Amino acid sequence: MAAMTWTIAPEPFDSPVAAALWRAYYTEVSDRWYLLHEGHPTDPGELEREIAADPGAEFQAPDGLLLVARYGGDPGGMAGVRMLDATTGELKRVFVREQLRGRGAAPLLLAAAEEAARGLGAERLILDTRGDLVEARALYARHGYEETEPHNDETYADHWFTKKLTPWSGS
């Protein structure tokens, strides 16, 4: 039996696969916040409103891209990049399904997102995250992202990172 491997490819932001991954990501981070701060999971109505309010249109050409990681062909993670200006990209929605974590997807998604950002003209990537997402903060630090001053006023963000990208390899 062949070993399972990861493949990463662009995906339309509005595909059923992208929608399912967005739902899984948002449910996890929202529930995590509510459980930590209020002792209960996200209200189902609020969850549905928030998921519907942000379908990910910023991840379409010409200024963005959504990548989906598949493990053995099954969708298991995603990462989005959107350009904020001619040289600055923003990394968003970096996510790997819980049951597939620890199998190497996150570093592959970061590398693919950085390459995609270079292809869009980015010379640096920025991102925001939360204090309770300690695994994400550790991942970014391990891969050369440096914590910096806030670059936005995102309500739930309390950590901001940046990474200067090496020139595009143009493969």
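The text that follows walks through the structure, step by step, so that each part is easy to find.

Conventions we followed
Residues numbered from 1 in each chain as written. Predicted model: local features only at pLDDT ≥ 70, side-chain atom pairs only at ≥ 80, totals over all residues. Heavy atoms only, no water. Helix = DSSP H or I, 4+ residues; strand = E, 2+ residues; numbered from the N terminus. Buried < 20%, exposed > 50% of the residue type's maximum accessible area, 1.4 Å probe, protein only. Arc of directions from axis to C-beta. Contact = heavy atoms within 4.5 Å. Pairing = 2+ DSSP bridges. Axes fitted to C-alpha atoms, helices over the stretch in contact; angles between N-to-C directions. Salt bridge = Lys/Arg side-chain N within 4 Å of Asp/Glu carboxyl O.

Observations regarding unusual backbone geometry
That bond from Ala-61 to Pro-62 is cis: its omega, 10°, falls within 30 degrees of zero. Structurally, Pro-62 can be placed in the loop between helix 2 (44–53) and strand 2 (64–71). Despite not being glycine, Arg-93 shows a phi value in the positive range, around 55°. Within the element layout of this structure, Arg-93 appears in strand 4 (residues 88–96).

Details of helix 4 (residues 134–142)
Along helix 4, the positions that sit buried rather than exposed are Ala-136, Leu-139 and Tyr-140. Taken end-on, helix 4 shows its buried residues confined to a sector of 95°, consistent with a single buried face. Close packing links the buried residues of helix 4 with strand 4, helix 3 (105–119), strand 5 (124–129) and strand 7 (159–164). Where helix 4 ends, the next residue or the one after it, Gly-144, has phi of about 90°, a positive value.

Quick notes on the environment of Ala-112
One can find Ala-112 in helix 3. Under the relative-accessibility criterion, Ala-112 is labelled partly exposed at 22%. For Ala-112 and Leu-84, which are 28 residues apart along the polypeptide, the C-alpha to C-alpha distance reads 18 Å. Non-local contacts of Ala-112, meaning those with residues more than four positions away in its chain, are made with Ile-8 and Leu-67.

Regarding the sheet that holds strand 3 (residues 74–83)
Reading across from one edge, 1-2-3-4-5-7-6 is the order of the 7 strands in this open sheet, with mixed pairing throughout. Whereas interior strands pair on both sides, the edge strands pair on one side only; in this sheet they are strand 1 (6–10) and strand 6 (146–148). Across this sheet, the average inter-strand angle for adjacent strands is 30°, counted without regard to direction. Sheet topology note: the strand 6/strand 7 ladder contains 3 bridges and is antiparallel. The residue of strand 7 that forms the bridge with Glu-147 is Phe-161. Lying over the sheet, helix 3 contacts strand 1, strand 2, strand 3, strand 4, strand 5 and strand 7, oriented at roughly 35° with respect to strand 3.

Considerations on the pattern of salt bridges
Tallied over the full model, the rule gives 9 salt bridges. When the shortest N-O distance is used, the salt bridge between Arg-93 and Asp-54 registers 3.3 Å. Residue Arg-93 is located in strand 4, and its partner Asp-54 is located in the loop between helix 2 and strand 2; the two are separated by 39 residues in the primary sequence. Of the charged contacts, one joins Glu-90 and Arg-82 as a salt bridge, the two residues approaching to 2.6 Å between their closest N and O atoms.

Purely geometric numbers; function is a separate question.
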